Amino acid sequence: MRDIIHFGDLHCTEKEPHRSSCLKFLDWLYENYNDCIIISGGDLFDRSSHRHDLVFEVTEKLKQFEDFRVVEGNHDKSLRLTSILTNLKHFPNITV
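Let me begin by describing the structure that accompanies this report. None of the values given here were measured: they were computed from a predicted structure.

What to know about the packing of helix H1 (residues 18–33) against helix H2 (residues 52–63)
Here is step 1: The interhelical angle for the contact between H1 and H2, taken along N-to-C directions, is 15°, at an axis separation of 9 Å. With respect to H2, the element H1 is oriented roughly parallel. Both H1 and H2 take part in a crossing whose hand is left-handed. Along its contact with H1, which presents Arg19, Leu23, Leu26 and Asp27, the element H2 presents Asp53, Leu54, Glu57, Val58, Lys61 and Leu62.
Here is step 2: A per-class count over the contact of H1 with H2 returns five nonpolar, no polar and five charged.

Next up, the structure:
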């Protein structure tokens, strides 16, 4: 049985120093808990649209994990733009 690590409301954003802190947190999580089931309980991002470089960087981090699960939060989606998490569904180790 694998351990489960749960966190919520990371609110990754383009603004510094929060952007760097989010990416460092994901690195730390990977380095210390990759063998666990990781669950983001919503609001991985602070809004449903961001520059592609931030989404790319976060996606690259998440692709490394063995089993990463994301609950879509209210800040991750919008009626007009759909969900910023849509592309994550294409990776076999990420469940949205």
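Still more ground to cover, so stick around.
A word on the sheet that holds strand S2 (residues 37–40)
Here is step 1: Spatial ordering of the open sheet is given by S1-S2-S3-S6, a layout of four strands whose pairing is parallel. In the strand order of this sheet, the two ends are held by strand S1 (4–7) and strand S6 (94–95), each with one partner.
Here is step 2: Here S2 runs beside strand S3 (residues 68–70); their pairing, made up of three bridges, is parallel. The residue bridging Ser40 from the neighbouring strand is Val70, located in S3.
Here is step 3: Where H1 meets the sheet, its contacts fall on S1, S2 and S3, and the angle it forms with S1 comes to roughly 165°.

Focus on the packing of aromatic side chains
In this description, an aromatic ring pair is defined by two values, namely the gap between the centres and the angle between the planes.
Here is step 1: A full pass over the atoms with the stated rule returns six aromatic pairs.
Here is step 2: Seen from their ring centres, Phe7 and Phe25 are 5.2 Å apart, and the 80° between their planes marks the pair as edge-to-face. Residue Phe7 is found in strand S1, and its partner Phe25 is found in helix H1; the two are separated by 18 residues along the sequence.
Here is step 3: Following the ring pairs from residue to residue traces out a cluster consisting of Phe7, Phe25, Trp28, Tyr30, Tyr33, Phe65 and Phe68.

Focus on H2
Here is step 1: Between its first and last C-alpha atoms H2 spans 16 Å; for twelve residues at 1.5 Å apiece the expected length is 16 Å, and the two agree.
Here is step 2: Taken residue by residue, H2 has Leu54, Val55, Val58, Thr59, Lys61 and Leu62 as its buried positions. End-on, the buried residues of H2 take up no more than an arc of 160°, which puts them together on one face. Seen from the open side of H2, the exposed residues pointing more than 90 degrees away from its buried face are His52 and Phe56.

What counts as what
Residue positions are given per chain, counted from 1 along the sequence in the order it is written. In keeping with the predicted nature of the model, local features appear solely for residues at pLDDT of at least 70, side-chain atom pairs appear and are counted solely at 80 or more, and the whole-chain, interface and lining totals rest on all residues. No hydrogens and no water enter the side-chain calculation; it runs on all heavy atoms of the structure. To get an axis, a line is fitted to the C-alpha atoms, and for a helix only the part in contact is used. The angle between two axes follows their N-to-C directions and goes from 0 to 180 degrees. To qualify as a helix, a DSSP run of H or I must reach at least 4 residues; to qualify as a strand, a run of E must reach at least 2; elements of each kind are numbered from the N terminus. Each angle gets one of four labels, with under 35 degrees taken as roughly parallel, over 145 as roughly antiparallel, 65 to 115 as roughly perpendicular, and the rest as oblique. Definitions for this section: a left-handed crossing has its near helix turned counterclockwise from the far helix by less than a right angle. A right-handed crossing has that turn clockwise. Residues are treated as being in contact if the distance between any of their heavy atoms lies within 4.5 Å. Residues were grouped as follows: Ala, Val, Leu, Ile, Met, Phe, Trp, Tyr, Cys and Pro as nonpolar; Asp, Glu, Lys and Arg as charged; and all remaining residues, including Gly, as polar. If DSSP finds at least two bridges between two strands, the strands pair. Pairing of aromatic side chains here covers Phe, Tyr and the six-membered ring of Trp, requires ring centres within 6.5 Å, and sorts the geometry by plane angle: under 30 degrees stacked, over 60 edge-to-face, intermediate tilted. The length a helix should cover is 1.5 Å for every residue beyond the first. Per-residue accessibility, obtained with a 1.4 Å probe over protein chains only, is compared with the maximum for each type, and a residue is labelled buried under 20%, exposed over 50%, and partly exposed between these values. An arc is given here, and it is the one of the directions from the helix axis to the C-beta atoms.

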